Amino acid sequence: MKLRPHHGLCLNFFGGEGYSPQFIENMAFVKAGLNDDDPVVELTNSVDVICAACPHNIRGRCESFEKVSAYDRAVLSAISAEEGSALRWSEFSAALREHILDCGKLCEICGDCAWFGLCK
Ligand code: SF4
């Protein structure tokens, strides 16, 4: 399953909000599958399983590509991973927790995101 690195953070805080009903339904479905099945996720700086149902995904490219790419690079750097890294969802989640969430780095990664108020 392809996953943008910063979407690991979005999934951590997801509580039913999102860009559209379809987006929310897909996000909930993906989150449940990750938690139930613990699949291998391939970290990608491109559209992923979350973007698949997003109204800002315009013909396979995020409308905010530069902004979200910066979030993705910041997450990869924080957890010492690279684009294309493949690891179990549980391992990825644990790395996000250890290197970003538990040490208070969330604001450094995505503090200017429109959704940040929901996550902080
Ligand atoms: S298309 Fe952009 S705004 Fe939509 S989920 Fe993907 S990264 Fe986020």
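Here the structure is a predicted model, which means the values were calculated and not measured.

Draft legend 1. Broad picture of the site of the ligand. Near the ligand, the surroundings consist of Arg4, Ile50, Cys51, Cys54, His56, Asn57, Cys62, Ser64 and Val68. Taken together, the residues that form the shell around the ligand break down as five nonpolar, three polar and one charged.

Draft legend 2. Summary view of the pairing of strand β2 (residues 40-43). The side-chain alternation of β2 yields one buried face, formed by Val41 and Leu43, and one unburied face, formed by Val40 and Glu42. Here strand β1 (residues 2-3) runs beside β2; their pairing, made up of two bridges, is parallel. Residue pairing for β2: Leu3 is matched across the bridge by Leu43. Pairing geometry for β2 and strand β5 (residues 86-88), over three bridges, is antiparallel. Looking at the pairing, Val41 lines up with Leu87 of β5.

Draft legend 3. Molecular detail of the packing of helix α1 (residues 5-13) against helix α3 (residues 65-78). One can describe the packing of α1 onto α3 by two numbers: an axis separation of 6 Å at closest approach and a directional angle of 90 degrees. As summarised for this structure, α1 and α3 are arranged roughly perpendicular, according to the angle between their axes. In contact with Pro5, His6, Gly8 and Leu9 of α1, α3 contributes Val68, Tyr71, Asp72, Val75 and Leu76. For the contact of α1 with α3, the class distribution of residues is six nonpolar, two polar and one charged.

Draft legend 4. The arrangement of the sheet that holds β2 in detail. Pairing is mixed in the open sheet, where three strands are placed in the order β1-β2-β5. The open sheet has two free edges, formed respectively by β1 and β5, since each of these has just one partner strand. Packing against the sheet, helix α4 (residues 89-101) makes contact with β2 and β5, and its axis sits at approximately 90 degrees to β5.

Draft legend 5. Molecular detail of the environment of Phe92. With respect to the element layout, Phe92 can be found in helix α4. Taking the C-beta count within 10 Å as the criterion, Phe92 has 24 such neighbours and is therefore assigned buried. For the pair formed by Phe92 and Ala81, sequence separation is 11 residues and the distance between their alpha carbons is 9.7 Å. In this view, Phe92 contacts Gly8, Val41 and Leu87; residues no more than four positions away in its chain are not counted.

Parameters at a glance
Residues numbered from 1 in each chain as written. Predicted model: local features only at pLDDT ≥ 70, side-chain atom pairs only at ≥ 80, totals over all residues. Near = placed C-beta within 6 Å. Nonpolar A, V, L, I, M, F, W, Y, C, P; charged D, E, K, R; others polar. Buried ≥ 20, exposed ≤ 12 C-beta atoms within 10 Å, placed from the backbone. Helix = DSSP H or I, 4+ residues; strand = E, 2+ residues; numbered from the N terminus. Pairing = 2+ DSSP bridges. Axes fitted to C-alpha atoms, helices over the stretch in contact; angles between N-to-C directions. Parallel < 35°, antiparallel > 145°, perpendicular 65-115°, else oblique. Contact = placed C-beta atoms within 7 Å.

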